[in-house]
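Okay, here's what each chain looks like letter by letter:
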Amino acid sequence: MTAVKLPGELVLVTNREPYSHERTSKGIICRKRVGGVVSALDSTMRKTGGTWVAWGSSKADFENGDVVKVPCSSPCYTLKRVKLSEKEREFYYRGFSNRTLWPVFHLFTEKAIFNTQFWKMYVKANTKFAKAVMDVATDDSFVWVHDYHLSLVPSMIQNTAHKIAFFWHIPWVSWNTFSKIPWRDEIFNGLLGSDLIGFHTKYYAQNFLECAEQLGFQVNKKQSIVHHGDRDVKIGVFPVGIDYQQFTSVKNRSHTLRSKIKGEKIIFGIDRLDYTKGILERMLAFKQFIEKNPQWKGKITLVQVATPSRTKVEEYRTMKHELDESVGCINGEYSTVDWTPIKYFYQPVSFDNLVKYYKMADVILVTPIMDGMNLVVKEYIAAKDTGVVILSEFAGAAEELKEAIIVNPYDINAIAEGIKEAVEMPEDEKKKRFMALKGKVRQKDINWWMEKFFSEWQKLYIPAHPESGSA
Ligand code: GDG
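Residues numbered from 1 in each chain as written. Predicted model: local features only at pLDDT ≥ 70, side-chain atom pairs only at ≥ 80, totals over all residues. Heavy atoms only, no water.

**Describing the packing of aromatic side chains**
According to the stated counting rule, one finds 49 aromatic pairs in the structure shown. Their ring planes at 75° and their centres at 6.0 Å tell us that tryptophan 172 and phenylalanine 199 sit as a pair that is edge-to-face. One end of the pair, tryptophan 172, is in the loop between β8 (163-167) and α5 (175-178); the other, phenylalanine 199, is in strand β9 (residues 196-199), with 27 residues separating them in the sequence. As far as burial versus exposure is concerned, tryptophan 172 and phenylalanine 199 are alike and both buried. With a centroid separation of 6.3 Å and an interplanar angle of 70°, the aromatic rings of tyrosine 358 and tyrosine 380 are classed as edge-to-face. Of this pair, tyrosine 358 sits in helix α12 (residues 351-360) while tyrosine 380 sits in helix α13 (residues 376-383), placing them 22 residues apart in sequence. In terms of burial, tyrosine 358 and tyrosine 380 fall into one category: buried. (Phe/Tyr/Trp six-rings, centres within 6.5 Å; stacked < 30°, edge-to-face > 60°. Helix = DSSP H or I, 4+ residues; strand = E, 2+ residues; numbered from the N terminus. Buried < 20%, exposed > 50% of the residue type's maximum accessible area, 1.4 Å probe, protein only.)

**Details of the state of the cysteines**
A complete count under the given rule lists one disulfide for this structure. What pairs with cysteine 30 in a disulfide is cysteine 72, and their sulfur atoms sit 1.7 Å apart. Looking down the S-S bond of the cysteine 30 and cysteine 72 bridge, the torsion is 50°, so its handedness is right-handed. With cysteine 30 in strand β3 (residues 27-32) and cysteine 72 in the loop between β5 (67-70) and β6 (77-82), the pair connects residues that are 42 residues apart, well separated along the chain. Residue cysteine 30 is classed as partly exposed on the basis of its relative accessible area, which comes to 29%. Just so you know, cysteine 76 is unpaired, no disulfide at all, and the nearest cysteine sulfur is the one on cysteine 72, 11 Å from it. (Disulfide = S-S within 2.5 Å.)

**Overview of the pairing of strand β7 (residues 142-146)**
Across the five residues that make up β7, a large majority, five, are buried. Because side chains alternate across β7, one face comprises the buried residues Phe142, Trp144 and His146, and the other comprises Val143 and Val145, equally buried. Pairing geometry for strand β1 (residues 10-16) and β7, over four bridges, is parallel. Along β7, the bridge assignment pairs leucine 10 with phenylalanine 142. (Pairing = 2+ DSSP bridges.)

**Considerations on unusual backbone geometry**
Along the chain, valine 70 connects to proline 71 via a cis peptide bond; the corresponding omega equals -10°. Examined against the element boundaries, proline 71 turns out to sit in the loop between β5 and β6. Of note, the phi angle at serine 224 is positive, near 55°, even though the residue is not glycine. Along the chain, the position of serine 224 falls in the loop between β10 (218-220) and β11 (225-228). Of note in the backbone geometry, asparagine 374 takes a positive phi value of approximately 95° without being a glycine. Among the residues examined, asparagine 374 registers a relative accessible area of 6% and is labelled buried.

**Notes on the sheet that holds strand β16 (residues 363-366)**
Backbone hydrogen bonds are what pair the strands of a sheet, in a parallel or an antiparallel way. Taking strand neighbours across the sheet as the criterion, the six strands line up as β15-β14-β13-β16-β17-β18 in an open arrangement whose pairing is parallel. At either end of the open sheet lies a strand with only one pairing partner, and these are β15 (342-345) and β18 (405-407). Taken over all neighbouring pairs, the strand axes of this sheet differ in orientation by 20° on average, direction set aside. Packed on one face of the sheet, α12 meets β13 (265-272), β14 (300-307), β15 and β16 and runs near 145° to β13. (Axes fitted to C-alpha atoms, helices over the stretch in contact; angles between N-to-C directions. Contact = heavy atoms within 4.5 Å.)

**Observations concerning the nonpolar core**
If you look at the biggest cluster of nonpolar residues, it comprises 99 residues, and the most contacted ones within it are Phe129, Trp172, Phe178, Phe188 and Phe208. Top element by residues in this core is helix α3 (residues 116-136). It accounts for nine residues. Residue assignment places this core across two domains, with domain 1 (10-237) and domain 2 (246-443) each supplying three or more. In contact with phenylalanine 129, not counting residues within four places along its chain, are Val13, Thr14, Asn15, Val53, Ala54, Trp55, Val82, Leu84, Tyr92, Leu150 and Val153. Judged by nonpolar contacts, the second largest core, of 61 residues, contains Val70, Leu79, Val389 and Ala398. (Core = buried A, V, L, I, M, F, W, Y, C linked by side-chain atoms within 4.5 Å. Domains from an automatic or database assignment.)

So, to be careful, I would describe these as geometric facts and stop short of saying anything about function.
Okay, here's the thing in structure tokens:
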């Protein structure tokens with residue numbers, strides 16, 4: 001348990017809800033949602049308590065009102081749900097959030113759609129979230145808003161007594177890219193309604209400060225402060241960690257799973273099916289590895305779980321077809337009667353199975369084209385005693401996890417070489433590198449992240465000491 005306690009109730013705000021209520025033939029069941037933001041913040045809320053405001057996206061979510069205690073098995077915090085109309089879901093969530101902001105902030109500007117209808121609904125939905133916050137927050141509340149879906153919420157919260165912070169979970173891009181968004185001023189001003197804005201890496205924070213300067217704000221780079229009217233907004237770096245204990249406390253029951261997969265080495269990847277995660281490039285790299293290293297045929301398997309995500313968004317459907325085709329082609333070309341090179345699952349796995357996969361994998365292959373942080377790599381390191389990590393240089397995690405095999409995800413050849421290096425790495429080097437990685441993930445876990453964020457946040461409200469008398 002963490003020692004940090006905020007001197008007021010925490011009101012956390014995200015787009016995605018941590019738990020949904022779904023109607024099944026067995027009645028209503030409560031299900032935890034999958035994704036990086038939920039993974040990180042559910043652990044935080046379990047420790048602090050308070051209220052989590054989020055979109056109630058499931059059909060049975062409002063059957064017992066808009067407020068419910070969660071986690072359903074052992075309730076310890078409150079979930080207040082926001083209802084969105086079908087038009088809002090289409091234009092605010094699937095539209096502006098996932099087809100405008102998401103591609104721009106992951107450098108896929110060619111996929112971005114700039115549409116005024118999307119924008120108007122984004123403003124409307126953000127207004128709803130801000131109103132829900134004002135319904136539950138008291139003057140003492142600490143309101144913590146998260147991620148790109150809700151950039152306008154801080155400035156829409158009209159109670160000046162509230163202490164407001166924001167955490168941006170995805171990369172923050174340079175001015176060259178950010179400036180393409182027609183509503184860049186509104187988004188920036190929305191965020192500047194916060195007292196503190198956090199990013200995963202120094203690079204993202206620097207990009208944000210550069211954008212502030214370009215937009216004409218006065219910036220103190222040394223202190224990481226943006227002056228906004230008569231207020232100062234502090235910009236901070238807080239690389240998110242994982243709930244380390246959750247992964248170490250699971251007993252190793254991966255043997256049965258391991259024995260079902262043929263070969264000496266298992267490489268593992270798990271991602272939401274998203275074009276930013278570099279899954280297609282990973283498949284091509286694995287194919288190239290097999291082609292160039294035929295001695296590994298029949299002895300190595302890539303297990304890839306692609307969890308369904310944003311399935312109603314066109315770009316995600318297209319990518320699913322491309323991935324199905326790519327895996328089919330590779331397996332068609334190289335499979336033998338008793339060996340399938342890629343085991344591919346398009347379905348979510350339970351937490352228990354997730355940990356089993358981590359434990360059985362000799363190598364984790366994490367190759368996003370661009371990723372705010374990436375929690376999968378940290379979870380793998382926590383779950384295992386030894387192993388090898390291949391990590392994209394464009395995942396935020398690469399800023400910390402330098403002992404991984406770092407690859408450029410655009411370079412198929414480099415990933416293939418990385419796989420070779422990983423499977424042939426001498427035992428002592430593997431141990432040395434893994435111990436170093438484990439030390440970092442253990443030390444900078446979710447408690448460390450929360451404490452760092454909360455203590456920086458609280459510091460902002462301590463009145464500055466008057467100059468001490470002349471010496
Ligand atoms: C955003 C940023 C940043 C995935 N499939 C299953 C499953 N997962 C869990 C993983 C992990 C989480 O989802 C994914 O986290 P990531 O960090 O990899 O990615 P995003 O969802 O894109 O998250 C990201 C994060 O926010 C936090 O700030 O790191 O950069 O994009 O926890 O384990 N869990 C289970 N079954 C699955 O099938 N149980």
